[in-house]
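# Geometric and topological summary
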Amino acid sequence: MNRGQRLSNNGVPATTTRRGKIKIPTGPLRPESVPTFAGDDSQTNVFWTTLPPYDSVGPDEPLTHCLLRVGVKEKILAIPGFPHPLIVPDPPRYKITPIPGAGMGMTATVDIDVGDLIVVERPLIISTQVVAAMGDLPSLHPKEFQRMLVERLNKQSYEDFFALHNCKGYTRENFTGIIDTNSIGIGNIPGYNGQCAAVCKLISRANHSCCNNATWGFRVETFAVELRALLPIKKGEQVFVNYGTKLDTRAERQQYLLKRYKFNCTCPACSSDSEESDQMRLMIESASRINICGDESALRRWVNDRTKADDLILAECHAMINVLDAERLYCEPVWTVWYERLVKAYCALEDEENVRKWAEKAAKLSRAYVLHDAGWDAVAKDPKKTEWWGLRANTRSGIRLVEDLDNFHFERGTMDSNTLRDSGAGAVISTVPVRMR
Ligand SMILES: C[S@@+](CC[C@H](N)C(=O)[O-])C[C@H]1O[C@@H](n2cnc3c(N)ncnc32)[C@H](O)[C@@H]1O
């Protein structure tokens, strides 16, 4: 028997159609992190350092002052070619400018497309979010670690840091107020699984919107934070990030932003009919809690069931994506999961144009979130080579989807999966095997 052939029910070799190898990327792309430097009291070893090391960059290249766990620096220095060159868009695509009612803010100086870079910069400081007492300095309060970090800044960085806004006013020492107002979560870095946070000279100037048009990510190779567009931004428009209240109701968001950042949000979601917006965010929030990431059962049933409408999955996906579009809220894991399902369904239906269209959109959003296309470019380039290409079309023409341990493929047969299930036949499994993520 040839490779790619196997016995059908009656023992006759069946014609097999091997599927393509390109995987449809699966979400979520990155964990959400809460921007805070708040400490705990556990005993862990942290130390101060400057990255990239002085001798590895040019004299004018910015450096970041860091408070890191022991062992992290070695891991970072072991990254091949570290530090990768910091390529800053020239001329700049942003401007820091006064915004009525919101202090300073950032506006675009050119039209910016989804996924495009707006700003890249080495942070002024980076620290583990949990700033714990060191073994040999057990009595030091986490705040003192932050003080020492700030005191180590060079003259220019020190001035840049103290020029940042402090929304806490005089209720705290200035440097802790600045850190609390401006820190952004940057996830984990090599050698440390906990969350880290950064304060940036430019990106920390971006104001908040509950319908943010930009988001940031940290690239360890360049040791820089990149701010990228989540929505198309027109020249002159303000660049907004989200301070971390995406899925709450309007009232909850307002309360949080007022307490933590001392302002009343007037973004479109807070100004529009809040009931409708709250309903939509509730739908998004519910979708984010249901773990459909590893559950393709509905897709699998649809692929194999000729009686189900061709557009069943498409309708469901478009309904959810319309909600994300209406709220201008592409939060993870929701967008990744629904784009994935949508593209799989279009692939299954052999709709090349729509696969390309949605895979290209997903590539742009991925660039915004994780600074690379996450595998979507390959899908957009060659839809026919994806694993899901033609699955539904084959089912419609009487080809059954069968399982084959580490792969799955089609057999051309006379009965559809329902007939086989009804007749108790065991050789045909009517679902696509679950792939572990
Ligand atoms: C990280 S800073 C952003 C930059 C800040 N506007 C500045 O002048 O440097 C956060 C502070 O900006 C202000 N802010 C941010 N978003 C705002 C908004 N949508 N409306 C009004 N003020 C806002 C608040 O004072 C908040 O505490």
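Every chain is numbered independently, its residues counted from 1 as its sequence is written. Per-residue local features of the predicted model are confined to residues with pLDDT of at least 70, and side-chain atom pairs are confined, for both listing and counting, to 80 or more; whole-chain, interface and lining totals are unaffected and use all residues. Hydrogens are left out, water is left out, and the side-chain values use all remaining heavy atoms of the structure.

Per an unreviewed UniProt entry, the chain is named SET domain-containing protein, and its organism is Cerrena zonata.

What follows is about the site of the ligand. Throughout, the term near means that a residue has one or more heavy atoms lying within 4 Å of the molecule or strand in question. As a structural note, the neighbourhood of the ligand is formed by 16 residues, with Ala102, Met104, Arg205, Asn207 and Tyr261 the closest of them. Residue-level accessible areas treat just the shown protein chains as cover; the underlying method is Shrake-Rupley with a 1.4 Å probe. In isolation the ligand offers 560 Å² of accessible surface; the protein chains occlude 90% of this area. Runs of H or I in DSSP of at least four residues are treated as helices and runs of E of at least two as strands, each being numbered from the N terminus. Of all elements in the fold, only helix H4 (174–182) and strand E12 (207–208) reach the threshold of two or more residues within the shell around the ligand. Throughout, the ten residues Ala, Val, Leu, Ile, Met, Phe, Trp, Tyr, Cys and Pro are labelled nonpolar, Asp, Glu, Lys and Arg are labelled charged, and all others, Gly among them, are labelled polar. Here the residues of the shell around the ligand sort into seven nonpolar, eight polar and one charged.

Another point: the sheet that holds strand E11 (residues 192–199). Pairs of strands are assigned from DSSP output, requiring at least two bridges between the strands. Spatial ordering of the open sheet is given by E4-E5-E9-E11-E10, a layout of five strands whose pairing is mixed. Whereas interior strands pair on both sides, the edge strands pair on one side only; in this sheet they are strand E4 (46–51) and strand E10 (184–189). With direction set aside, neighbouring strand axes in the sheet form an average angle of 25 degrees. For strand E9 (residues 125–128) and E11, the ladder comprises four bridges, and the chain directions are antiparallel. Bridged to Ile126 within E11 is Ala198. Orientation is described by axes fitted as lines to C-alpha atoms, over the contacting stretch for helices, and by angles from 0 to 180 degrees between their N-to-C directions.

On to unusual backbone geometry, then. In this structure, the amide linkage connecting Leu51 to the following residue, Pro52, adopts the cis form with an omega of -15 degrees. Inspection of the secondary structure assignment puts Pro52 in the loop between E4 and strand E5 (64–69). Going from Phe82 to Pro83, the amide bond is cis rather than trans, its omega being -5 degrees. Looking at the element boundaries, Pro83 is found in the loop between helix H1 (72–77) and strand E6 (94–98). You will see that Phe223, though not glycine, has its phi angle at about 55 degrees, which is positive. For Phe223, the position within the fold is in the loop between strand E13 (214–219) and strand E14 (224–229). For every residue, the accessible area (1.4 Å probe, protein chains only) is compared with the maximum for its type, and the residue is labelled buried under 20%, exposed over 50%, or partly exposed between those bounds. Overall, the relative accessible area of 0% leaves Phe223 in the buried class.

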